[in-house]
Amino acid sequence: MDSTRRTLLKASLLLPLAALLPMSLLSAVAWGQAKPAGLQTLALAIHSEGGPHRVDAEVAETIAQRQRGLMERESMPESNGMLFRFQSEQSANNAFWMYRTLIPLDIAFIDANGQIVAINTMPPCESSEPSRCPSYPAGAAYYSALEVNGGYFAERGIKVGDCVSIPDDAGFCQPAP
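The following paragraphs examine the structure supplied in this document. (Residues numbered from 1 in each chain as written. Predicted model: local features only at pLDDT ≥ 70, side-chain atom pairs only at ≥ 80, totals over all residues. Heavy atoms only, no water.)

**A look at the state of the cysteines**
Point 1. Applying the stated criterion across every chain yields a total of one disulfide.
Point 2. Note on cysteine connectivity: Cys 125 is disulfide-linked to Cys 133, with sulfurs 2.1 Å apart. Because the torsion about its S-S bond is -85 degrees, the bridge between Cys 125 and Cys 133 counts as left-handed. (Disulfide = S-S within 2.5 Å.)

**Brief notes about the sheet that holds strand E2 (residues 51-60)**
Two modes of strand pairing occur in sheets, parallel and antiparallel, and in both the strands are linked by backbone hydrogen bonds.
Point 1. Pairing is mixed in the open sheet, where seven strands are placed in the order E6-E5-E8-E3-E2-E1-E9. Two strands close off the open sheet at either side, each with one partner strand: strand E6 (116-122) and strand E9 (163-165). For this sheet, the mean angle separating the axes of adjacent strands, direction not counted, is 30 degrees.
Point 2. Across three bridges, strand E1 (residues 40-48) lies against E9 in antiparallel orientation. What sits directly across from Ala 45, in E9, is Ser 165. (Pairing = 2+ DSSP bridges. Helix = DSSP H or I, 4+ residues; strand = E, 2+ residues; numbered from the N terminus. Axes fitted to C-alpha atoms, helices over the stretch in contact; angles between N-to-C directions.)

**Some details on the packing of aromatic side chains**
Point 1. One pass over the full model with this rule turns up six aromatic pairs.
Point 2. Counting every residue linked through ring pairs, the aromatic cluster contains Phe 84, Phe 86, Phe 96, Phe 109 and Tyr 142. (Phe/Tyr/Trp six-rings, centres within 6.5 Å; stacked < 30°, edge-to-face > 60°.)

**Observations concerning the pairing of strand E3 (residues 80-90)**
Point 1. Judged from the five bridges that link them, E2 and E3 form a sheet pairing that is parallel. Counterpart to Val 59 in the pairing with E3 is Leu 83.
Point 2. Strand direction decides the pairing type here: E3 and strand E8 (residues 142-149), joined by six bridges, are antiparallel. Bridged to Phe 84 within E8 is Ala 145.

**Let's talk about the side chain of His 53**
Point 1. You can see His 53 is positioned in strand E2.
Point 2. Of note is the side chain of His 53, whose polar atom sits 3.1 Å from the backbone oxygen of Gly 51. (Polar contact = N/O pair within 3.5 Å; in protein donor to acceptor, adjacent residues only side chain to side chain.)

**Some details on the side chain of Gln 90**
Point 1. When you line up the elements, Gln 90 lands in strand E3.
Point 2. The class of Gln 90 is buried, set by a relative accessible area of 14%.
Point 3. Engagement of the side chain of Gln 90 in a polar contact is seen with the backbone oxygen of Ser 88, the distance being 2.8 Å.
Point 4. Beyond its immediate stretch of four places on either side in the chain, Gln 90 contacts Ala 141 and Tyr 142. (Buried < 20%, exposed > 50% of the residue type's maximum accessible area, 1.4 Å probe, protein only. Contact = heavy atoms within 4.5 Å.)

Laid out in structure tokens, this is it:
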């Protein structure tokens, strides 16, 4: 077989595969599920009167990851979220905002013991100017914050005093009486 025929044969075999690649990339972006590389995912359990609720959370630990958060995502699966972890206790005045965030979110602020100390609902900011987007302070000191789809906490009866644990790492916690 001469080199021209060999080249044509290889091209005819690879062409269908190459055609599929852009579609798989487009479908990931179209569903809003393209997450930044390098984010760890943890399985969390939220313990409430209604029983434990599992959330698969991407973990934002660096300043850059926390600044990006869930910006520009068009959707998020129902049982997913993002956990923002901090090295030290954050002030009750520290706030989150929704600039360039396209989906409504609930946020639970969590203390060092895993107790939810505050919950806010945050609608998307429709302004293209960051200064026109409201901020949502915790109102209580916290060590981490968990963002999930808007309405998630209310639909499951999750409230302040309930707790969040990482079963694979730290075992389980119980909601406050």
